[in-house]
Amino acid sequence: MAPEMTFIPRRFLWFLLAHHFIVVTACHEADYGQLIEDYCLSQFKFEMEVIGQKLWCDWDETVGSYGELTNCTVLIAEKLACYWPNQLVDEFFIAIHKHYFKNCSLSGRSLCDPPNNILYPFLVVPILITLLMTALVVWRSKRSEGIV
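Residues numbered from 1 in each chain as written. Predicted model: local features only at pLDDT ≥ 70, side-chain atom pairs only at ≥ 80, totals over all residues. Heavy atoms only, no water.

**Description of the overall build of the protein**
Broken down by element type, the protein carries five helices and zero strands. Evaluated residue by residue, the protein yields a buried proportion of 20% over its 148 residues. The contacts in the protein between residues at least 6 apart in sequence include a share of 70% that link residues at least 24 apart. By element, 65% of the accessible surface of the protein is carried by carbon and sulfur atoms, the whole surface being about 12,300 Å². (Helix = DSSP H or I, 4+ residues; strand = E, 2+ residues; numbered from the N terminus. Buried < 20%, exposed > 50% of the residue type's maximum accessible area, 1.4 Å probe, protein only. Contact = heavy atoms within 4.5 Å. Areas by Shrake-Rupley, 256 points an atom, 1.4 Å probe, with all protein chains shown as cover.)

See the structure below:
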């Protein structure tokens, strides 16, 4: 038998073994998705309900729950031999952000107007300066002496 003919079955055997190894160790995304929904998301939902919707944008209140959610997805990925992060985790966290954090600003604080004692000077001073400058221009334009 030619040496090339004995090489082909070896290559085929390695291909079969590699395929079997990949199938056995591959991540089962359906199981992974279901587990993070059942274990991680359910706990996160419960903790967010306890916090209350008014405090969802307060990072100091949500950082613990969010960290536990992240760690939960990592641990399940390790147990199932899945890569982390992956596309499923990205989609999972995007859905979380769309639901819980869609109305939050980038700084994590909810936006509101400053108190009136701070706001009024910032409004009144420019208005007074504008009126004063207008009056000064009108007064100077009525006086013709001294203009060359």
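**Structural notes on the UniProt feature "transmembrane region" (unreviewed entry) in the protein**
The positions UniProt marks with the feature "transmembrane region" (unreviewed entry) are residues 118–139. Within residues 118–139, the helical portion is 100% and the strand portion 0%, while the C-alpha atoms at the span's ends are 33 Å from each other. (UniProt positions renumbered as here; feature names shortened; annotations may be inferred.)

**Some words on the packing of aromatic side chains**
Within a pair of aromatic rings, the relevant descriptors are the distance that separates the centres and the angle that separates the planes. Tallying each qualifying case throughout the model produces seven aromatic pairs. Taking 5.5 Å as the distance between ring centres and 80° as the angle between the ring planes, the aromatic pair formed by F92 and F93 counts as edge-to-face. As far as burial versus exposure is concerned, F92 and F93 are alike and both buried. Three or more aromatic residues joined by ring pairs make a cluster, and in this case those are F44, W56, W59, Y66, F92, F93, Y100 and F101. (Phe/Tyr/Trp six-rings, centres within 6.5 Å; stacked < 30°, edge-to-face > 60°.)

**Details of the environment of Q87**
The residue Q87 is located in helix α4 (residues 87–100) in this model. Taking the C-alpha atoms as reference points, Q87 and E29, 58 residues apart in sequence, are found 9.8 Å from one another.

**Digging into α4**
Taking 1.5 Å per residue as the helical rise, α4 with its 14 residues ought to reach 20 Å, and the 20 Å between its terminal C-alpha atoms agrees with that figure. Within α4 the residues assigned to the buried category are V89, F92, F93, I96 and Y100. Seen end-on, α4 carries its buried residues on one side only, within an arc spanning 90°. In α4, the exposed positions that point more than 90 degrees away from the buried face belong to Q87 and K98. (Expected span 1.5 Å × (residues − 1). Arc of directions from axis to C-beta.)

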